[in-house]
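Residues per chain, in single letters:
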Amino acid sequence: MPLQSLKVNEIFYSLQGEGPLTGTAAVFLRLAGCSMGCSFCDTQYAAAQGTDMPLPDIIAALEQYPCRNVIITGGEPTEQNFAPLAHALKRRGWTVQMESNGAQDADVSNIDFLVVSPKKHVCKDMLQKAHCIKIVVDQDTPLETIATYFPYANARTAVCLQPCSNKQENIDLCVKLIKQNPFLRLSLQMHKLAHIR
Ligand code: SF4
């Protein structure tokens, strides 16, 4: 049987810059490809550029760092068969996080922390599985759309508003909405503010 491989854009070691786990060390596995085509995407390069890597090579590349916390991101990881890798990493003692647009349902049984950031459309099953729903907010985001995610906020699932591109007008809007709906949280792109790579 041929070795399974995934199309990888990059692997790097840094700090989580967004969401409830901001500031924690993690190895990032950025998979290639995303068919959503958002105009504000800050990883568009990942949609096109990728190299096929067999799973053992991916694991070896991840394990060169002194950290056993991986964030599988993209691009959009659910557009590839990431589940066998997640399973293998769990067996090796890793904490496995994943960031997804949630557009299609996926087997996240080996994902310890799932962040879903809905874009043009989202699968309700993925919203229910999420530990964090991260909503990118700009001046054009309909408030009715943001409000559709409010019922998912509970002790297990954080619903975070993330100002698009850290723009002040978007930060101000998010702060206003969080003050009105105190079960929400603010997610700034800390890595961009702090120039962390
Ligand atoms: S879903 Fe995410 S990765 Fe895909 S185009 Fe939109 S912002 Fe970029």
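For the structure, check the block above.
Enquirer: Looking at this model, I keep getting lost on the nonpolar core. Mind explaining?
Expert: One recurring pattern in soluble globular proteins: nonpolar side chains tend to sit buried together. Counting residues in each nonpolar core, the largest one holds 46 residues, and the members touching the most others are Ile11, Leu29, Ile58, Leu62 and Leu161. Broken down by element, the residue count for this core peaks at five residues, all from helix α2 (residues 55-62). Those residues in contact with leucine 62 that lie beyond four places of it in its chain are Ile11, Val27, Leu29, Arg68, Val70, Leu89 and Trp94. Core analysis: the next-biggest nonpolar cluster, separate from the first, contains five residues, Val115, Cys132, Ala158 and Cys160 among them.

Enquirer: What exactly am I supposed to notice about the layout of surface pockets here?
Expert: If you roll a probe as big as a water molecule over the atoms, it shows you where there is empty space left. Roughly 980 Å³ of internal volume is contained in the largest pocket. As for the largest pocket, its lining consists of 43 residues, of which Glu18, Arg30, Asp42, Thr43 and Gln189 are closest to the centre. Ranked by residues supplied to the lining of the largest pocket, first place goes to strand β1 (residues 5-15) with four residues. Of the residues belonging to the lining of the largest pocket, the class tally is 17 nonpolar, 16 polar and ten charged. The space that makes up the second largest pocket amounts to roughly 300 Å³. Residue lining of the second largest pocket: 16 residues in total, with Phe40, Pro118, Lys119, Val136 and Thr141 positioned closest to the centre. Residues of the lining of the second largest pocket, tallied by class, amount to nine nonpolar, three polar and four charged.

Enquirer: What exactly am I supposed to notice about the site of the ligand here?
Expert: The local shell around the ligand consists of Cys34, Met36, Gly37, Cys38, Cys41, Thr43, Gly75, Asn101 and Lys119. Comparing atom positions with the cavity grids shows the ligand to sit within the largest pocket. Partitioned by chemical class, the residues of the shell around the ligand number four nonpolar, four polar and one charged.

Enquirer: Help me out: how do you make sense of the pairing of strand β7 (residues 132-137) in this one?
Expert: Within a regular strand, the side chains alternate between the two sheet faces. Judged by how many residues are buried, β7 sits mostly within the fold: six of six residues are covered. Burial along β7 is two-sided: Cys132, Lys134 and Val136 facing one way and Ile133, Ile135 and Val137 facing the other are all buried. Strand direction decides the pairing type here: strand β6 (residues 113-116) and β7, joined by two bridges, are parallel. The residue bridging valine 116 from the neighbouring strand is isoleucine 133, located in β7. Each parallel crossover has a hand, and for β6 linked through helix α4 (residues 124-129) to β7 it is right-handed. As judged from the six bridges shared by β7 and strand β8 (residues 158-163), these two strands associate in the parallel manner. Bridging across to β8, isoleucine 133 finds its partner in valine 159.

Enquirer: What exactly am I supposed to notice about empty space enclosed by the protein here?
Expert: Throughout the structure, instances matching the rule amount to one cavity of 30 Å³ or more. Of the voids in this model, the largest cavity is the one considered here, and its volume is about 40 Å³. Elements supplying a minimum of two residues to the lining of the largest cavity: β5 (95-100) and β6. Class assignment for the residues of the lining of the largest cavity results in four nonpolar, three polar and three charged.

Conventions adopted
Residues numbered from 1 in each chain as written. Predicted model: local features only at pLDDT ≥ 70, side-chain atom pairs only at ≥ 80, totals over all residues. Heavy atoms only, no water. Core = buried A, V, L, I, M, F, W, Y, C linked by side-chain atoms within 4.5 Å. Buried < 20%, exposed > 50% of the residue type's maximum accessible area, 1.4 Å probe, protein only. Helix = DSSP H or I, 4+ residues; strand = E, 2+ residues; numbered from the N terminus. Contact = heavy atoms within 4.5 Å. 1 Å grid on protein atoms, 1.4 Å probe; cavity = no way out; pocket = protein on both sides within 12 Å on 5 of 7 lines; lining within 4 Å. Points joined across faces, edges and corners; volume = space filled by probe spheres on them. Nonpolar A, V, L, I, M, F, W, Y, C, P; charged D, E, K, R; others polar. Near = heavy atom within 4 Å. Sits in = over half its atoms within 2 Å of the grid points. Pairing = 2+ DSSP bridges. Right-handed = clockwise from strand over helix to strand, strands pointing away.

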